[in-house]
Amino acid sequence: MVRVVFGLMMLALVAACGGRADLDQPPVPLGDFRLEHNIVDASKAQRGPLSRKASEEQLQLAVQDAMSERFGRYSGQSRYHFGISVEGYVLAQPGIPLVLAPKSALILNVTVWDDAAGEKLNDEPEQVTVLETFGTAPIIGTGYTMSAEEQLKELSQNAAKAGERYLVKQQREEGWFKPDAPVAATPDIPETV
């Protein structure tokens, strides 16, 4: 039994960082990408069953902040915009430990715009569905361990990471973003005697 509990604790420790675990590392390559506008609409967000309540403004700000945090690291010259709608969410309430540990979830539709071309890159919005980070509270659920605001922040960070994975896939398969701008060579400066 001790081994099982220890294993669960280690799993929780490894997975606890979730969507922000790699933010201190260089961003994955996306060509000459720079996020210009990050527009989030949460006016039609549906609250899931047994969910804690979040206001439209809370949903909007949490998603905008997470997208800015992740994509603000890109400093290319080509400008792109996100149009995001929050479709639904569940912010888990306390459950029954070991029996029912409700999980939080967030559903977004994401559209990417190319500023130079003045058009959408994806004809249909990409639906991103994320759950709370596995391992943050595997036995009792985040309803006991996190406030609604903390759950929403974690979900938004997980959604931003999922969005980044989607863009990397589209770049690899479809070449969505221009290659990195060439770096101008610096002339050799002769040493003076």
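From a predicted model like this one, the values you see are computed outputs, not experimental measurements. By convention here, each chain's residues receive numbers from 1 onward along its written sequence. Predicted model: local features are reported for residues with pLDDT of at least 70 only, side-chain atom pairs are reported and counted for 80 or more only, and whole-chain, interface and lining totals are derived from all residues. With hydrogens and water stripped out, all remaining heavy atoms of the structure feed into the side-chain values.

Visitor: Describe the pattern of salt bridges, listing the residues and the values that go with them.
Guide: By salt bridge we mean one thing: a side-chain nitrogen of Lys or Arg within 4 Å of a carboxyl oxygen of Asp or Glu. Tallying each qualifying case throughout the model produces nine salt bridges. Put simply, Asp22 and Lys161 hold a salt bridge, and the shortest N to O gap is 2.7 Å. Remark: Lys161 occurs in helix α4 (residues 148-174) and Asp22 occurs in the loop between α1 (2-15) and β1 (33-41); sequence separation between them is 139 residues. On the basis of relative accessible area, Lys161 is assigned to the buried category, the value being 18%. Ionic pairing is found between Arg70 and Glu164, a salt bridge with its closest N-O pair at 2.9 Å. Highlighted residues: Arg70 in helix α2 (residues 56-71) and Glu164 in helix α4, separated in sequence by 94 residues. Starting at the N terminus, helices and strands are each numbered in turn, a helix being any DSSP run of H or I of at least four residues and a strand any DSSP run of E of at least two. Exposure categories follow from relative accessible area, calculated using a 1.4 Å probe and restricted to protein chains: below 20% of the type maximum is buried, above 50% is exposed, and the middle band is partly exposed.

Visitor: With reference to specific residues and values, describe the nonpolar core.
Guide: In this structure, Phe33, Phe71, Phe82, Val86, Leu106, Leu108 and Leu167 are the most contacted members of the largest nonpolar core, which totals 36 residues. Secondary-structure elements contributing two or more residues to this core are β1, α2, β3 (78-90), β4 (105-114), β6 (126-131) and α4. Ranked by the residues each element gives to this core, the list is headed by α4, at eight residues. The contact definition used throughout considers only heavy atoms, calling two residues in contact when any of these lie within 4.5 Å. The residues touching Phe82, leaving out its near neighbours within four places in the chain, are Phe33, Leu35, His37, Asn38, Ile39, Met67, Phe71, Thr111, Val112 and Leu167. Among the buried residues, those of types Ala, Val, Leu, Ile, Met, Phe, Trp, Tyr and Cys that are joined through side-chain atoms within 4.5 Å form a nonpolar core.

Visitor: Outline empty space enclosed by the protein, listing residues and values.
Guide: Points on a 1 Å grid over protein atoms alone make up a cavity when a 1.4 Å probe fits among them but cannot get out, and a pocket when they form an open set with protein on both sides within 12 Å along at least five of seven lines; lining residues each have an atom within 4 Å of a point. Grid points are joined across faces, edges and corners, and a volume is the space filled by probe spheres set on the points. Under the criterion given, the structure shown has one cavity of 30 Å³ or more. Within this model, the largest cavity holds a volume of roughly 50 Å³. Lining of the largest cavity is provided by Met67, Phe71, Phe82, Val110, Val112, Val128, Ala159, Gly163, Tyr166 and Leu167. Secondary-structure elements contributing two or more residues to the lining of the largest cavity are α2, β4 and α4. Classifying every residue of the lining of the largest cavity gives nine nonpolar, one polar and no charged. Under the scheme applied here, ten amino acids are nonpolar (Ala, Val, Leu, Ile, Met, Phe, Trp, Tyr, Cys and Pro), four are charged (Asp, Glu, Lys and Arg), and all others, including Gly, are polar.

Visitor: Can you explain the confidence of the model for the chain? Please cite residues and give values.
Guide: Per-chain confidence: the chain averages 82 in pLDDT, with 74% of residues scoring 70 or above. For the chain, α1 is the element with the lowest average pLDDT, namely 35, and α2 is the one with the highest, namely 98. The quantity called pLDDT is the predictor's confidence in a given residue, expressed from 0 to 100.

Visitor: Which residues make up the packing of aromatic side chains, and what values do they have?
Guide: Stacked, tilted and edge-to-face are the three classes assigned to paired rings of Phe, Tyr and Trp, where Trp is represented by its six-membered ring and a pair needs centres within 6.5 Å; plane angles under 30 degrees give stacked, over 60 edge-to-face, the rest tilted. Considering all chains together, one arrives at 10 aromatic pairs under this definition. Considering the side-chain rings of Phe33 and Phe71, the 6.0 Å spacing of their centres and the 55° angle between planes classify their relative orientation as tilted. Taken together, the residues span a long stretch of sequence, with Phe33 in strand β1 and Phe71 in helix α2 at a distance of 38 residues. No difference in accessibility class separates Phe33 from Phe71, as the two residues are buried. The interplanar angle of 5° and the centroid separation of 5.4 Å between the aromatic rings of Phe33 and Tyr80 together place this pair among those described as stacked. Within this pair, whereas Phe33 is found in strand β1, its partner Tyr80 is found in strand β3, the two being separated by 47 residues in sequence. In terms of burial, Phe33 and Tyr80 fall into one category: buried. Three or more aromatic residues link up through ring pairs in this structure, and these residues are Phe33, Phe71, Tyr74, Tyr80, Phe82, Tyr166, Trp176 and Phe177.

Visitor: Please provide a residue-by-residue account of the side chain of Gln170, values included.
Guide: By secondary structure assignment, the location of Gln170 is in helix α4. Excluding its chain neighbours within four sequence positions, the residues that come into contact with Gln170 are Gly175 and Trp176.

Visitor: Explain the environment of Asp65 residue by residue, including any values.
Guide: Its location among the elements puts Asp65 in helix α2. Along the backbone, Asp65 and Ser156 are 91 residues apart, and their C-alpha atoms lie at a distance of 8.2 Å.

Visitor: Tell me about α4, and please be specific about residues and values.
Guide: The end-to-end C-alpha distance of α4, which contains 27 residues, comes to 38 Å, matching closely the 39 Å that a straight helix rising 1.5 Å per residue would cover. A positive backbone phi angle near 60° is found at Gly175, which sits one or two residues after α4. What a helix is expected to span follows from its residue count: subtract one and scale by 1.5 Å.

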